[in-house]
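# Structure at a glance
Here's the letter readout for the chains.
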Amino acid sequence: MTREPRQERSRATRRRLMTAAVECLAEHGWTNTTVALVAERAGVSRGAAQHHFPTREDLVVATVEFLAEEQIAEVRSRAETLPPGRRRALPVARMLLNLYTGPKFRAALHLWVAASTDEALRSVLAPLEARVGRESHRVAAELLGADESRPGVRETVQTTLDLARGLGLASLLSDDSKRRERLVRQWATVLEPVVEERSGGRVRSGS
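Attention in this report is confined to the structure presented alongside it. (Residues numbered from 1 in each chain as written. Predicted model: local features only at pLDDT ≥ 70, side-chain atom pairs only at ≥ 80, totals over all residues. Heavy atoms only, no water.)

Secondary structure summary: the protein chain contains nine helices and zero strands in total. Along the protein chain, helices (α) and strands (β) appear in the sequence α-α-α-α-α-α-α-α-α when read from the amino end. Taking the principal axes of the C-alpha coordinates as reference, the protein chain spans close to 55 × 45 × 30 Å. Every one of the 207 residues in the protein chain was classed for burial, and the buried ones make up 41%. (Helix = DSSP H or I, 4+ residues; strand = E, 2+ residues; numbered from the N terminus. Buried < 20%, exposed > 50% of the residue type's maximum accessible area, 1.4 Å probe, protein only.)

As structure tokens, then:
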């Protein structure tokens, strides 16, 4: 009877630590984000934090996976409201091109920049980011109902995600929402031929 509450508490503690890690990375960057700082932000003892994440690299791996899962879960939830057929091109473009904004993106960006000069961090982060990138691509293709066996379709889906990251960078220093909306509408016209008319508005939850 006591095992389940203990497991629930453990999961809740891990989630608090990962949420705090995102906040600390976004505010302080990789260099100044320590396990002790994250533990303080999460309201748990340093010992408890190190029980879940013995090293900072362990915390980073879990946090990147957490960020990806949160982002994809949000996209899947919003996908339930999308219209069928080519009418979905505009809302999908808007959803995807606004994907890389806010504190979660800033936290990830700090990690990418640090990994470019930190070999140990890069060795941990690179394969994880590659896996997250593949999943993001798969979800984007599903949102569009895109048939990637058609010439150029896979490249268009990937370009959408690359454009989204670029717009995320542009929004870091100033409010770029008005310009982004103009680009969203233009990019939707590029996506329209990619969208399959049979598309039904749901994103599969499995692989």
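Per the stated rule, a full pass over the model turns up two cavities of 30 Å³ or more. A volume near 60 Å³ is recorded for the largest cavity. Taken together, Q71, I72, V75, L96, L99, S136, V139, A140 and L143 form the lining of the largest cavity. Those elements giving two or more residues to the lining of the largest cavity turn out to be α4 (56-79) and α7 (119-144). Looking at the lining of the largest cavity, the element that brings in the most residues is α7, giving four residues. Residues of the lining of the largest cavity, tallied by class, amount to seven nonpolar, two polar and no charged. Put simply, the second largest cavity is a space of about 50 Å³. If you trace the second largest cavity, you find it lined by A21, L25, W30, T33, R56, L59, V60 and T63. Elements represented by at least two residues in the lining of the second largest cavity include exactly α1 (3-32) and α4. Of the residues forming the lining of the second largest cavity, the biggest block, four residues, is contributed by α4. (1 Å grid on protein atoms, 1.4 Å probe; cavity = no way out; pocket = protein on both sides within 12 Å on 5 of 7 lines; lining within 4 Å. Points joined across faces, edges and corners; volume = space filled by probe spheres on them. Nonpolar A, V, L, I, M, F, W, Y, C, P; charged D, E, K, R; others polar.)

The subject of this paragraph is the side chain of R88. Tracing the backbone shows R88 in the loop between α4 and α5 (89-97). Buried charge R88 goes without a salt bridge, the closest partner of opposite sign being E142 at 9.1 Å. A distance of 2.6 Å separates a polar atom in the side chain of R88 from the backbone oxygen of L143. (Lys, Arg positive; Asp, Glu negative; His and termini not counted. Salt bridge = Lys/Arg side-chain N within 4 Å of Asp/Glu carboxyl O. Polar contact = N/O pair within 3.5 Å; in protein donor to acceptor, adjacent residues only side chain to side chain.)

Pairs of aromatic rings are described using the distance from one ring centre to the other and the angle between the two planes. One pass over the structure, following the stated rule, counts two aromatic pairs. Taken together, a centroid distance of 5.9 Å and an interplanar angle of 65° make the contact between Y100 and F105 edge-to-face. Measuring from ring centre to ring centre gives 5.9 Å for F105 and W112, while their planes differ by 80°; the resulting arrangement is edge-to-face. Judged by its relative accessible area of 28%, W112 falls in the partly exposed class. An aromatic cluster of three or more residues is present, and its members are Y100, F105 and W112. Between the NZ or CZ atom of R56 and the centre of the ring of W30, over which it lies, the distance is 3.6 Å. (Phe/Tyr/Trp six-rings, centres within 6.5 Å; stacked < 30°, edge-to-face > 60°. Lys NZ or Arg CZ within 6 Å of the ring centre and 35° of its normal.)

Roughly 410 Å³ of volume is contained in the largest pocket. Lining the largest pocket are 21 residues, with L67, Q71, L99, Y100 and K104 positioned closest to its centre. Put simply, the parts of the chain that give the lining of the largest pocket at least two residues each are α4, α6 (102-115) and α7. In terms of residue count, α4 provides more of the lining of the largest pocket than any other element does, seven residues in total. For the second largest pocket, the full set of lining residues is E65, A68, E69, I72, R76, L128, R131, V132 and E135. Looking at the lining of the second largest pocket, the elements that each hand over two or more residues are α4 and α7. Broken down by element, the lining of the second largest pocket gets its largest block of residues, five residues, from α4. Along the lines of polarity and charge, the residues of the lining of the second largest pocket split into four nonpolar, no polar and five charged.

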